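The lines below spell out each chain.
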Amino acid sequence: MGRSIKNDVKCESKEMSTLIQVNKLNFSYGKEEVLKQIDFAVNKSSFVSVIGPNGSGKTTLLKNLCKLLNPETGHIKIDQQNLTHYKAKPLARTIAVVHQGANSTFDFNVGEVVLMGRYPYLNRFQSESKVDLEIAETAMAQTSTLHLRDKNLHGISGGERQRVMIARALTQQPDLLLLDEPISHLDIKHQLEILKLCKSLNESHGLTIFTTLHDINLASRFSDLIIMMKEGQIVKIGAPKDVITIETIKHVYDIDVNIVLKPYPMIEAI
Amino acid sequence: MKLKIRKKSKFQIQSKYSSYTKKIISTLLVMVLIVSAIPMTFGASIEFNGTLKKSTTETQYERMMIASVSLKDYGLNASISGNTIKLTDGNVTFIFTNNSNVVKVNSATMTLDSKPYIKNKIAYVPMKFIFETLNYSVGYNNQSKQITAKYNGNFVFPITIKDGSKIYKFTKPAKRIVSLAPSITEILFAIGAGDMVVGRTKYCTYPAQATAVKSVGTLYEPDLESIINLNADVVIAATHMNEDVMNALTKAKIATLTQESPAKIAQIYTLIEQLGRLTNKTYESRALIASMKSKEDRVNNITKMIPTSQRKEVYYVVGTGKSEYTAGKQTFIHEIIIGAGLINIGSDVDKWSYSLEKLIEHNPAFLLGADYSFSTMRDSKNYSSLTALKTGKAIEVDTDVFSIPGPRIMDYSMKTLIVKLYPEHAYKLRF
Amino acid sequence: MGYGIKRKANFIKIALLILILLGFAIFSVTQGTVKIPVSNVLSIILSSEAEASIKPAHIFIVENVRLPRILLSACVGGMLAVIGTVFQALFKNPMADPYVMGVSSGAAFGATLGIVFGVGVSLASLSLVSMMAFVGAMVTLIVVYTLASAGGKIATTSILLAGIVVNAILSSLISFIMIMYHNEIDRIVTWTMGSFNAASWEHLKLIVIPMVIGIAYMISLSRELNVLNLSEEDAKNMGVDVERVKKIALVVASLLAAFSVSVSGIIGFVGLIVPHFFRMIFGSDHRLLLPVSFIGGALFMLICDTLARSILPNMEIPVGIITSIIGGPFFLILLHKHKKKMEN
């Protein structure tokens, strides 16, 4: 379990090697083509947002990246290794996913849920060691959920629950954190809270963030790289100022907007 | 009688002779009439196990009665004291009462369809009943015009009792019995083995003495602990028991005997015989069977006289309301019904399930059943077309007793049917 | 760190639970329709030679009627509780019970056929009815499993639906048979209501090994069951082989359910309620919950069966009735208390 010191190493500098490499990815649900010829690469320690209208394939792309779905053609490489060659537990040590609407059927308390993130590191009959407990504590501290530790997951707010899930993801000590619409159902205060948390994890620990978002402005504010999708294809990929333009917005969303530079571009609907 | 001879005309003399003859003839006729009314005393010749014996017999109400003095030839010593007639041969003791149809055979008491009587210090007792109790089969040789009695063979332990494909072996008589069926309980008490019954189901309530016996639950949920604690030799059930219970009893070294519930009257006799052997009450069981067969014979004689066209149609209600249940062709109740000279509507099915439509279509002249069945029928429009309900031809019978294949099929079931449906013949039953 | 203290508290609670179970088991041996003095009962159990002063019938009753029955009811109770816990986790449904895979109606159907058409055959002291019940349960399990698994994946909703449909079909068939052979209705109904009457050492020998293996296996899946609680997707992304876990857990649990049902008939409520009860006390971590459910289920069933055989003199009440009558109100009270606690 030599992963415990991994995060310290990451702090030093943002390495410029590729973490995610997607080539010619095609995916269909039955006969319906949902992803067409997706190609992109993501560097380590970047903050990537995928935006686009409903049905553009954002969530499907994310699910392909974490092996919940399998591409028809094309391949995905994570950290230079083909996704298909990853076994379940090693993959879980590399990628952690936070899905929408965190919930649990039965009553677990926050501490228990966060500790579940250590699953990929423990074998069947092992119980959690002191180190595991410390990692969970650190994750909770980072997500400001430590004070919730003994509370029932059902007894906290939506925003708190989302932070708990992120804490759980962090205990997996991943290189990549995938988030699927993590803030759509939260109020504005919590939305900012979550994104600021992700940004700080990205900046201080070098954690690569890959998230789908609805809100264009928030994506623009926090991301290094934006992938804009429409109807299963990537329309534009690049830095926010290159992607968030009047023409691209018109093309993808069919609305007319003004762009305000803030220093990041912000759209104003006309 | 004075003879007056007068010298009169020829004509007058002739008429005097004819009135004299008339008187003789009429007296003779009266004497014949009187004589014919009294039982004819014969010296009957009986072929007894090959040996010819002559015994004094009389016939009363179609039953041959044998004189007590003749019984010595058959090993029975008779003693009469007051109204009590006692016959014994060391193994079996009969206790009859003058002019009463109640008889005690060893430890069992039962009723007969004939009454013994005392005449000139000689008792006359029913012959066939006695011989059958002594384990002889009684018949009549048409050629030699003689009564024949043949010994049925000695009976010793070990015995085997069959139940379908299973064979049970008993090396000695059972002394402590748990009965899991009302019919079994009733038969055991009827053959004088009531004190051997140490356990019964809660439904075994006849005879009254049975209720003093410890209840061990029901056939389907027997109280295993109590049965084991009773140290029974054998547990007897009608129809199949829970196999797990049977296995547990076998482990506890308690024999279990499943006697398939009788579907024919003959099977009831067999059951009584088996139980008699099992408990070593062979005389009592034979006596009981003999008494029942004799009564059955009376009923047959009655029904022989009823032409098919005059036989009454009945439908026996086992259950009604949601579904119709009756006594189908393969039930002993059906045999009782047709044995009583009736036509059983329910005989177009084999077992118990019937249909409302068929019942309505047949619209039997008579219905037999429990009062609650009839009120169910009366409360529902479905049965409104059954005329028997309205014409007073829905006859209440005790269906609980009817459903027990045991000693009361003659005394109660058969008798009730004759009395209620052929009342004009009821007097011929003699029981 | 609060973990150490919590663990100690749990340890004490479990030890207490085991003590209660053992204590009640001993009490239960002294109970029955036949009055046997407690001192005799104890000497029968504790000493190996037969005491001369004790009636042989009493010795037999304690050793071959009560003892195997107590052990069997405890084992079946424990099994049902564990199966219920596992199914509730797999199906993410608090209403799941051991019979959702159609196991109960399959067993009942097999038993019905055995009762009506069997000729009282026994094999190795096990009745035909028990064997037919087991076969019926297994066949139904295979059918439901096949119906619900499309393309190699098990959709839990499909299983629940398939189970419901199969239950409905088989129940109707059973009713039909009951009408056709209505003089066997008593026996069929008695069987379905569940009972430990005439439990024997043979029954126990039959289920002990599958029980130990099956329950050990399911306890080893505790972590996976915990993680599955979040969502199947989350579990997959955390490294759990969800499909494999579901398949094997379902089959193993249903197999144990089939064993239970064939030796004791259908006893409801235990597999549904015991998990919930102990979740309230011990939390939802399956590493603790599963063993505790086993002990708790054993205790609950033992209490109910002891009542079933000694409440009425000389008559047995089917244990399934007792589990509902006791379990129901007791659970409602607990639910009420728990809700109040949550609101504060």
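Everything numeric here is computed off the predicted structure, so don't read it as measured data.

With that settled, consider the overall build of chain C. When helices and strands are counted, chain C shows 14 helices and four strands. Over its C-alpha atoms chain C spans a radius of gyration of 21 Å, differing by no more than 12% from the 20 Å that the globule rule assigns to 344 residues. With the C-alpha coordinates of chain C rotated into their principal frame, the extents come out at 65 × 60 × 35 Å. In chain C, the share of contacts with a sequence separation of at least 24, taken over all contacts with a separation of at least 6, comes to 76%.

The next point concerns the overall build of chain B. Of regular secondary structure, chain B possesses 13 helices and 25 strands. Along the longest, intermediate and shortest principal axes, the C-alpha atoms of chain B span 105 × 60 × 40 Å. When the 431 residues of chain B are sorted by exposure, 44% land in the buried category. The contacts in chain B between residues at least 6 apart in sequence include a share of 52% that link residues at least 24 apart.

Here we take up the interface of chain C and chain A. Counting residues at the interface gives 21 residues for chain C and 21 residues for chain A. Only α9 (222-228) and α10 (232-237) of chain C provide two or more residues apiece to the side of chain C that touches chain A. If one sorts the elements of the side of chain C that touches chain A by residue count, α10(C) sits on top with four residues. Split into classes, the residues belonging to the side of chain C that touches chain A amount to six nonpolar, seven polar and eight charged.

Residue and element names in this part refer to chain B. Residue P158 follows F157 across a cis peptide bond; omega there is 0 degrees. Take P158: it is sitting in the loop between β12 (146-151) and β13 (159-163). Residue Y206 is joined to P207 through a cis peptide bond whose omega torsion reads 0 degrees. With respect to the helices, strands and loops of the structure, P207 is situated in the loop between β16 (197-200) and β17 (214-215).

Before going further, it helps to spend a moment on the packing of helix α5 (residues 128-148) of chain C against helix α11 (residues 242-264) of chain C. Residues and elements named next belong to chain C. The geometry of α5 relative to α11 is characterised by a closest axis approach of 8 Å and an angle of 155 degrees between their N-to-C directions. Looking at the two axes, α5 sits roughly antiparallel to α11. In this structure, the crossing between α5 and α11 has a hand that is right-handed. Listed contacts from α11 to S130, A133, F134, A137, M138 and L141 of α5 are S254, A258, F259, V261, S262 and V263. Split by residue class, the contact of α5 with α11 holds nine nonpolar, three polar and no charged.

Now for the interface of chain B and chain C. Each partner contributes to the interface: chain B provides 23 residues, whereas chain C provides 25 residues. Of all elements in the fold, only α4 (224-229) and α5 (243-251) of chain B reach the threshold of two or more residues within the side of chain B that touches chain C. For the side of chain B that touches chain C, a count of residues per class yields eight nonpolar, nine polar and six charged.

The next thing to look at is the domain arrangement of chain B. The domain boundaries assigned to chain B delineate domain 1 (41-151), domain 2 (159-280) and domain 3 (311-429). Centre-to-centre, using C-alpha coordinates, domain 1 of chain B lies 33 Å away from domain 2 of chain B.

Residues and elements named next belong to chain B. Where strand β4 (residues 77-81) lies against strand β5 (residues 84-88), five bridges are found, and the strand directions are antiparallel. When the sheet's bridge partners are listed, I80 is paired in β5 with I85. Linking β4 back to β5 in an antiparallel pair, the connection comprises two residues, with G82 at a positive phi of about 65 degrees.

The next thing to look at is the arrangement of the chains. When the two pairs of chains in contact are ranked by number of contacts, first place goes to chains B and C. Over all C-alpha pairs, chain A and chain B never come within contact, reaching a minimum spacing of 41 Å.

Residue and element names in this part refer to chain B. Spatially, five strands are ordered β17-β16-β15-β18-β19 in an open sheet, and the strand pairing comes out parallel. Looking at the sheet topology across the chains shown, the edges are occupied by β17 and β19 (255-259). Pairing between strand β18 (residues 234-238) and β19: five bridges, direction parallel. Following the sheet pairing, V234 is matched in β19 by A255. Its contacts with the sheet place helix α3 (residues 182-190) against β15 (177-179), β16 and β18, and it is angled at close to 135 degrees to β15.

This part takes up the sheet that holds strand β8 (residues 108-111) of chain B. Residues and elements named next belong to chain B. With antiparallel pairing, the five strands of this open sheet are ordered in space as β4-β5-β6-β7-β8. Both edges of this open sheet fall to β4 and β8, since each of them pairs with a single strand only. Averaged over all adjacent pairs, the angle separating strand axes in this sheet is 20 degrees, with direction ignored. Pairing of strand β6 (residues 93-97) with strand β7 (residues 102-105), which is carried by three bridges, proceeds in the antiparallel orientation. Note on β7: the bridge partner recorded for F94 is V105. On the sheet, helix α7 (residues 282-304) packs against β7 and β8 and is oriented at approximately 5 degrees with respect to β8.

All names here are of chain C. Looking at chain C, pLDDT values average 86 and 93% of them are 70 or higher. Per-element confidence in chain C is highest for helix α13 (residues 286-310), whose mean pLDDT is 94, and lowest for strand β1 (residues 122-123), whose mean pLDDT is 56. Interface predicted TM-score (ipTM) for the complex: 0.86; the corresponding pTM is 0.81.

What follows covers the nonpolar core. Among soluble globular proteins, nonpolar side chains are generally buried collectively. Among the nonpolar cores identified, the biggest contains 289 residues, and L178(A), I177(B), L188(B), V235(B) and V86(C) are the most heavily contacted of them. Sort the elements by how many residues they give to this core and helix α3 (residues 56-90) of chain C lands first, with 19 residues.

Compared with the 20 Å implied by 1.5 Å per residue over 14 residues, the 20 Å span of helix α6 (residues 265-278) of chain B between its first and last C-alpha is a close match. Once α6(B) ends, the next one or two residues include N280(B), with phi positive near 60 degrees.

What follows concerns the confidence of the model for chain B. This prediction gives chain B a mean pLDDT of 87; 92% of its residues lie at or above 70. Every residue in residues 1-8 of chain B scores below 50 in pLDDT, and together they form four contacts with partners more than four places removed in sequence or on other chains.

We now examine the packing of helix α8 (residues 201-220) of chain C against α11(C). Residue and element names in this part refer to chain C. At a closest axis distance of 10 Å, the pairing of α8 and α11 adopts a crossing angle of 155 degrees. The angle between the axes of α8 and α11 places the two elements in the roughly antiparallel class. Crossing handedness for the pair α8 and α11: left-handed. Residue-level contacts link H203, L206, I207, P210, M211, G214, Y217 and M218 of α8 to A249, V252, A253, L255, L256, F259 and V263 of α11.

This brings us to the pairing of β19(B). Most of β19(B) is tucked away: four of the five residues are buried. Taken together, β18(B), α5(B) and β19(B) constitute a β-α-β crossover, and its handedness is right-handed.

Turning our eyes to something else, we now look at the environment of S200(A). All names here are of chain A. Residue placement: S200 occurs in helix α7 (residues 188-205). Residue S200 is classed as exposed on the basis of its C-beta count, with 12 C-beta atoms lying within 10 Å. Separated by 58 residues in sequence, S200 and Q142 have C-alpha atoms that sit 9.3 Å apart.

Rules used throughout
Residues numbered from 1 in each chain as written. Chains lettered and ligands numbered in written order. Predicted model: local features only at pLDDT ≥ 70, side-chain atom pairs only at ≥ 80, totals over all residues. Helix = DSSP H or I, 4+ residues; strand = E, 2+ residues; numbered from the N terminus. Rg over C-alpha atoms; globule rule 2.2 N^0.38 Å. Contact = placed C-beta atoms within 7 Å. Buried ≥ 20, exposed ≤ 12 C-beta atoms within 10 Å, placed from the backbone. Nonpolar A, V, L, I, M, F, W, Y, C, P; charged D, E, K, R; others polar. Axes fitted to C-alpha atoms, helices over the stretch in contact; angles between N-to-C directions. Parallel < 35°, antiparallel > 145°, perpendicular 65-115°, else oblique. Left-handed = near helix turned anticlockwise from the far one by under 90°. Domains from an automatic or database assignment. Pairing = 2+ DSSP bridges. pLDDT = per-residue confidence, 0-100. Core = buried A, V, L, I, M, F, W, Y, C linked by C-beta atoms within 7 Å. Expected span 1.5 Å × (residues − 1). Right-handed = clockwise from strand over helix to strand, strands pointing away.

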